[in-house]
Amino acid sequence: MPSQRLPYMQDFSSDPAWGRSNATNFKWDEASGSYYSKSILNSQEYAMVETDYYGGSFQIEFDIKETSRDPNAMTNFGLFGPTYASYPGALPYDPCIFVSLGSPGGVSSNNIFQLVAVTDTGVVCHSGSEHVLVEINKWYRIYLSYDSLNKKVAVEVRERDTNNLVWEVKSPSLTGSFSTEMKYLGLSMAGGFGYNPG
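Not measured: the values here are computed from a predicted model.

1. Re the environment of Arg 69
As for its placement among the helices and strands, Arg 69 is situated in the loop between strand 5 (58-65) and strand 6 (73-80). When its relative accessible area of 26% is taken as the criterion, Arg 69 is described as partly exposed.

Structure representation (structure tokens):
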């Protein structure tokens, strides 16, 4: 995207049929094939599209680049349930699996990638202190996968331009399965401490 353009202040040039809570902060740029979002602290905004997920194995592959940073804001990308309300302290849990880019609690000025998975039995997977710092204006390619036969989840983060592996979570076992209701692919905003998908 040319630097002189203001992607967050424009309407969608081509609407990819994603539902979004605030069109001002989400933009699809047809020319570059990129989806722009502006993470606002505690906004709980989201942009999502329904998929045909039926509870089996899957792999999600996406590229992400952070162009500006609020140390308290978070962006989550993955599959979510229909209510987008899966975070510690909120019951009932809604199944979801996502990679989060943010600084929980604003404890660091450097954003980090984290993995969070919530199955039908509750929060069962969290990467915790295992994370990688995210560089501003650098493209990353993320592979998020689930093996339904062995009930294992994994994530890889690579530098898009070099394919160098910078962080991974190696197939931790889950204690439950993902509901077929977890069929909304999207990104969501949260802030402070928590993993609210919005």
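2. Details of unusual backbone geometry
Its identity as a non-glycine residue notwithstanding, Asn 163 has a phi of 65°, on the positive side. You can see Asn 163 is positioned in the loop between strand 12 (152-159) and strand 13 (165-169). Residue Asn 163 is classed as partly exposed on the basis of its relative accessible area of 44%.

3. As for the pattern of salt bridges
Counted by the stated rule, this structure contains 9 salt bridges. Here Arg 160 ties to Asp 63 by a salt bridge, and the two come within 3.6 Å at their closest N and O atoms. Here Asp 63 lies in strand 5 and Arg 160 lies in the loop between strand 12 and strand 13, a separation of 97 residues in the sequence. The partly exposed category is assigned to Asp 63, whose relative accessible area is 27%. Lys 170 is the partner of Glu 168 in a salt bridge, and the nearest nitrogen-oxygen pair spans 3.7 Å. Residue Glu 168 is classed as partly exposed on the basis of its relative accessible area of 30%. Classification of Lys 170 as exposed rests on a relative accessible area of 66%.

4. With respect to the side chain of Lys 138
Turning to its location among the elements, Lys 138 is positioned in the loop between strand 10 (132-133) and strand 11 (139-147). The class of Lys 138 is buried, set by a relative accessible area of 19%. Side chain to side chain, Lys 138 and Glu 159 meet in a polar contact 2.7 Å long. In this structure, Lys 138 is in contact with Ile 64, Lys 65, Glu 66 and Glu 159, ignoring residues within four places of it in sequence.

5. Topic: the nonpolar core
One finds Phe 58, Ile 97, Phe 113, Leu 115 and Phe 178 to be the most contacted residues of the largest nonpolar core, which totals 34 residues. Secondary structure elements with two or more residues in this core: strand 5, strand 6, strand 7 (96-102), strand 8 (112-119), strand 11, strand 12, strand 13 and strand 14 (184-191). Setting aside its immediate chain neighbours within four residues, Leu 115 contacts Ile 97, Phe 98, Cys 125, His 126, Ser 127, Leu 144, Val 153, Val 155, Trp 167 and Val 169. In this structure, Phe 80, Val 116, Val 118 and Tyr 184 belong to the second largest nonpolar core, which totals 7 residues.

6. Re the sheet that holds strand 13
Neighbouring strands of a sheet are bound in pairs by backbone hydrogen bonds; such pairs are parallel or else antiparallel. With respect to topology, 4 strands assemble into an open sheet ordered 5-11-12-13, the strand pairing being antiparallel. What marks the edges here is a single partner per strand, and that holds for strand 5 and strand 13. Across the sheet, the mean angle separating the axes of adjacent strands is 15° when strand polarity is ignored.

7. Observations concerning the pairing of strand 11
By the bridge criterion, 8 bridges tie strand 5 to strand 11 in an arrangement that is antiparallel. Counted as the bridge partner of Asp 63 is Arg 141 from strand 11. In this structure, strand 11 lies alongside strand 12, joined through 8 bridges in antiparallel fashion. Residue pairing across strands places Tyr 140 opposite Glu 159, the latter belonging to strand 12. The hairpin turn running from strand 11 into strand 12, its antiparallel successor, is 4 residues long, and Lys 151 in that turn takes a positive phi close to 55°.

Conventions adopted
As a convention, each chain's residues are numbered from 1 in the sequence order in which they are written. Local features in this predicted model are restricted to residues whose pLDDT is 70 or higher, and side-chain atom pairs enter the listing and the counts only when it is 80 or higher, whereas totals over whole chains, interfaces and linings include all residues. To obtain the side-chain values, all non-hydrogen atoms of the structure were included, while hydrogens and water were left out. Secondary structure elements are defined from DSSP: runs of H or I of at least 4 residues count as helices, runs of E of at least 2 residues count as strands, and each element is numbered from the N terminus. Think of it in three bands: residues with accessible area under 20% of the maximum for their type are buried, residues over 50% are exposed, and the middle band is partly exposed, with areas taken using a 1.4 Å probe on protein chains only. A carboxyl oxygen of Asp or Glu within 4 Å of a side-chain nitrogen of Lys or Arg is what we treat as a salt bridge. Distance and chemistry together define a polar contact, namely a pair of N or O atoms within 3.5 Å, with one atom able to donate a hydrogen and the other to accept it when in protein, and with adjacent residues in sequence counting only for side-chain atoms on both sides. Residue contacts are defined here by distance: any two heavy atoms, one from each residue, within 4.5 Å place the two residues in contact. We define a nonpolar core as any set of buried Ala, Val, Leu, Ile, Met, Phe, Trp, Tyr and Cys residues linked to one another through side-chain atoms lying within 4.5 Å. A pair of strands is considered paired only if DSSP assigns at least 2 bridges between the two. All axes are obtained by fitting lines to C-alpha atoms, using only the stretch in contact for helices, and the reported angles, taken between N-to-C directions, cover 0 to 180 degrees.

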